[in-house]
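Descriptive structure summary
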Amino acid sequence: MATSLVEQETSVSSQPTSTEFPWYGIRTRSKCERTVSTGLKTKGLNAYLPLYRSRRRWSDRVVDRQLPLFPGYVFCRFDATRRFPIITIPGVVSIVGFGNDPAVIPDQEIEAIETVLSSGLATEPCPFLREGQRVRVTHGSLKNVEGILVKKKADWRLIISVTMLQRSVSVELDGDCVTHA
């Protein structure tokens, strides 16, 4: 069960980087997101690590933890021509991009994440699924059934096909119960 997180790890440095440079994604080693975020901040950069609150129930207690909303990634504003100080931070794997060119993350996407987290609504990571993608149902009465994900109006549907007959059936399902096939 996940609930939203009011606080987030952000830092606005004294340098004029808050809007001068675009946002970039930085890939980190597993469970090194906080280390990288701290390292970026100590170098005077504007780092953003969105967190969500996760409540885990153990046999003898309930544990509230703050986990990265995007495991393995930290967002940062920086000058793309000065990447060396960033890639030398312990825990940094790479800067997200195409070849040697970092990929800019639009400000609207970061602002949308900030808005969702500050709304107080329950937030948690979910798989990135596209319409038309092959998926597998992870739980419920259709567990392990594979098909094609389709959106009809506001609902998700699973299409199951019999190729030899060239016929298909569709069933409505909750988008939370599917994963990549």
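Every chain is numbered on its own, with residues counted from 1 as its sequence reads. In keeping with the model being predicted, local features are shown solely for residues with a pLDDT of at least 70 and side-chain atom pairs are shown and tallied solely at 80 or more, while totals for entire chains, interfaces and linings include all residues. Excluding hydrogens and water, the side-chain figures rest on all heavy atoms present in the structure.

Let's talk about the environment of V74
Worth spelling out the cut-off: Secondary structure elements follow DSSP: runs of H or I of four or more residues count as helices, runs of E of two or more count as strands, with numbering from the N terminus. In this analysis, two residues are considered to be in contact whenever any of their non-hydrogen atoms come within 4.5 Å of each other.
Inspection of the secondary structure assignment puts V74 in strand β7 (residues 73-77). Between the C-alpha atom of V74 and that of I95, which follows or precedes it by 21 residues, the distance is 9.7 Å. Dropping the residues within four chain positions of it, V74 is found in contact with Y24, G25, I26, T28, E33, V36, S37, L40, Y48 and L49.

What about the pattern of salt bridges?
Counted only if it meets this: One speaks of a salt bridge when a side-chain nitrogen belonging to Lys or Arg is within 4 Å of a carboxyl oxygen belonging to Asp or Glu. Each residue's exposure class comes from its accessible area (1.4 Å probe, protein chains only) as a fraction of the maximum for that residue type: buried when under 20%, exposed when over 50%, partly exposed otherwise.
A complete count under the given rule lists 6 salt bridges for this structure. R134 serves as the salt-bridge partner of E146, at 3.6 Å between the closest nitrogen and oxygen. Within this pair, whereas E146 is found in strand β13 (residues 146-152), its partner R134 is found in strand β12 (residues 134-137), the two being separated by 12 residues in sequence. Looking at E146, the relative accessible area reads 28%, which means it is partly exposed. Close ionic contact of R157 with E172 constitutes a salt bridge, the shortest N to O distance being 3.6 Å. Remark: E172 occurs in strand β15 (residues 167-173) and R157 occurs in strand β14 (residues 155-162); sequence separation between them is 15 residues. Judged by relative accessible area, which is 49%, E172 ranks as partly exposed.

Details of the packing of aromatic side chains
Which entries qualify depends on this criterion: The rule is short: rings of Phe, Tyr and Trp, with Trp giving its six-membered ring, pair when the centres are within 6.5 Å, and they are stacked under 30 degrees, edge-to-face over 60, tilted in between.
Enumeration according to the criterion identifies 4 aromatic pairs in this entry. Grouped by ring-pair contacts, the aromatic residues W23, Y48, F70 and F75 constitute a single cluster.

Focus on helix α1 (residues 33-42)
Convention followed: Relevant arc is that of directions from the helix axis to the C-beta atoms, nothing else.
Of the positions making up α1, those classed as buried are E33, V36, S37, G39 and L40. Down the axis of α1, the buried side of the element spans an arc of 160 degrees, and every buried residue falls inside it. With its phi angle positive at about 80 degrees, G44 sits one or two positions after the end of α1.

Structural notes on the nonpolar core
Within soluble globular proteins, side chains that are nonpolar generally end up buried alongside one another. Defined as follows: Buried Ala, Val, Leu, Ile, Met, Phe, Trp, Tyr and Cys residues form a nonpolar core when they are joined through side-chain atoms within 4.5 Å.
Among the nonpolar cores identified, the biggest contains 15 residues, and I26, V36, L40, L45, C76, F78 and I86 are the most heavily contacted of them. Elements with a contribution of two residues or more to this core: β3 (23-28), α1, β4 (46-49), β7 and β8 (92-95). Apart from residues no more than four positions distant in its own chain, F78 is found in contact with F21, P22, Y24, I26, L45, R83, I86 and I95. Residues W23, Y52, L69 and I110 belong to the second largest nonpolar core, which totals 10 residues.

As for the side chain of Q133
Defined as follows: Polar contact is defined as a pair of N or O atoms within 3.5 Å, subject to the rule that within protein one atom must be able to donate a hydrogen and the other to accept it, and that residues adjacent in sequence are counted only when both atoms are side-chain atoms.
Tracing the sequence through the fold places Q133 in the loop between α3 (107-118) and β12. A polar side-chain atom of Q133 sits 2.2 Å from a polar atom in the side chain of H180. If near-sequence neighbours (up to four positions away) are discounted, Q133 is found in contact with F128, G147, I148, L149 and H180.

Focus: the pairing of β12
Note the following rule: Two strands qualify as a pair provided DSSP detects at least 2 bridges between them.
Here β12 shows a buried face lined by V135 and V137 and an unburied face lined by R134 and R136. Examined bridge by bridge, β12 and β13 share 3 bridges and lie antiparallel to one another. Within β13, the position partnered with R136 by the bridge is E146. Pairing between β12 and strand β16 (residues 178-180): 3 bridges, direction antiparallel. Within the sheet, the bridge partner assigned to V135 lies in β16 and is H180.

Function cannot be inferred from these measures alone, as they are strictly geometric.
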